[in-house]
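# Analysis of the macromolecular model
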Amino acid sequence: MKVMIGADHGGYTLKQTIVDFLTEQGHDVQDVGTHDNTACDYNDPATEVANAVRAGTVERGILICGTGVGMSIQANKIPGVRAALVSDVYTAEATRAHNDSNVLTMGGRVLGAGVALKIVETWLNTPFSGEVRHARRIEKLENNR
Ligand code: RB5
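Description of the structure in this document. (Residues numbered from 1 in each chain as written. Predicted model: local features only at pLDDT ≥ 70, side-chain atom pairs only at ≥ 80, totals over all residues. Heavy atoms only, no water.)

Moving on, we come to helix H5 (residues 113–125). Each turn of an α-helix holds 3.6 residues, which means side chains three or four residues apart point in the same direction. Here H5 is 13 residues long and its end C-alpha atoms lie 18 Å apart, about the 18 Å a rise of 1.5 Å per residue gives. Taken residue by residue, H5 has Ala 116, Leu 117, Ile 119, Val 120, Thr 122, Trp 123 and Leu 124 as its buried positions. Against strand E1 (2–7), helix H1 (12–24), strand E3 (60–65), helix H4 (89–97) and strand E5 (103–107) lie the buried residues of H5. (Helix = DSSP H or I, 4+ residues; strand = E, 2+ residues; numbered from the N terminus. Expected span 1.5 Å × (residues − 1). Buried < 20%, exposed > 50% of the residue type's maximum accessible area, 1.4 Å probe, protein only. Contact = heavy atoms within 4.5 Å.)

Following this line, the structure appears as structure tokens:
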């Protein structure tokens, strides 16, 4: 799968772990940075990744900051992006099946690598359920009603 990933300084270390994991799994990973622990704004990678998802140049986006909150707020400002802040495997599965989320955000200061990788694996491998009630709700999200 084509996946774009980005982080700020609070998510840098976890991002590197996820890039290695996804690359080993054979995914096509585009890493937009940040590339070290120097403080930077989460807004910039969030907007870059969200715009790529919106444009369809990648299938999914993953964003990591200290908490995942700033990334999710910023990414969700881009129409067509459904960014989900996830801290557990149940939510990772449910947000794909119910919300058809196309961006995953996580907190690098919140999660250990073990649970984060399980979340990533589950989120990438769970399809949207396609159920009518969920499709209706997504349509309402997309049309802001
Ligand atoms: C940076 O200190 C921190 O505020 C940022 O990584 C993120 O958690 C914001 O939501």
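On the surface, Val 69, Ile 73 and Leu 85 cluster together to form a nonpolar patch covering roughly 240 Å² of accessible area. Following the sequence through the fold, Leu 85 ends up in strand E4 (residues 83–85). (Patch = residues over 30% accessible without salt bridge, like charges linked within 9 Å, V, L, I, M, F, W, Y side chains within 5 Å. Areas by Shrake-Rupley, 256 points an atom, 1.4 Å probe, with all protein chains shown as cover. Salt bridge = Lys/Arg side-chain N within 4 Å of Asp/Glu carboxyl O.)

Viewed as axis vectors pointing N to C, H4 and H5 meet at an angle of 20 degrees, and their least axial separation amounts to 8 Å. Accordingly, the angle class assigned to the pair H4 and H5 is roughly parallel. The hand of the H4/H5 crossing is right-handed. Residues Val 89, Ala 92, Glu 93, Thr 95 and Arg 96 of H4 pack against Lys 118, Ile 119, Thr 122 and Trp 123 of H5. Residues belonging to the contact of H4 with H5 are distributed by class as follows: four nonpolar, two polar and three charged. (Axes fitted to C-alpha atoms, helices over the stretch in contact; angles between N-to-C directions. Parallel < 35°, antiparallel > 145°, perpendicular 65-115°, else oblique. Left-handed = near helix turned anticlockwise from the far one by under 90°. Nonpolar A, V, L, I, M, F, W, Y, C, P; charged D, E, K, R; others polar.)

Turning our attention to the side chain of Gln 74. Mapped onto the elements of the fold, Gln 74 is located in helix H3 (residues 69–75). Side-chain polar atoms of Gln 74 contact the side chain of Asn 43, separated by 2.9 Å. When sequence neighbours within four positions are dropped, the list of residues in contact with Gln 74 reads Asn 43, Ala 46 and Thr 47. (Polar contact = N/O pair within 3.5 Å; in protein donor to acceptor, adjacent residues only side chain to side chain.)

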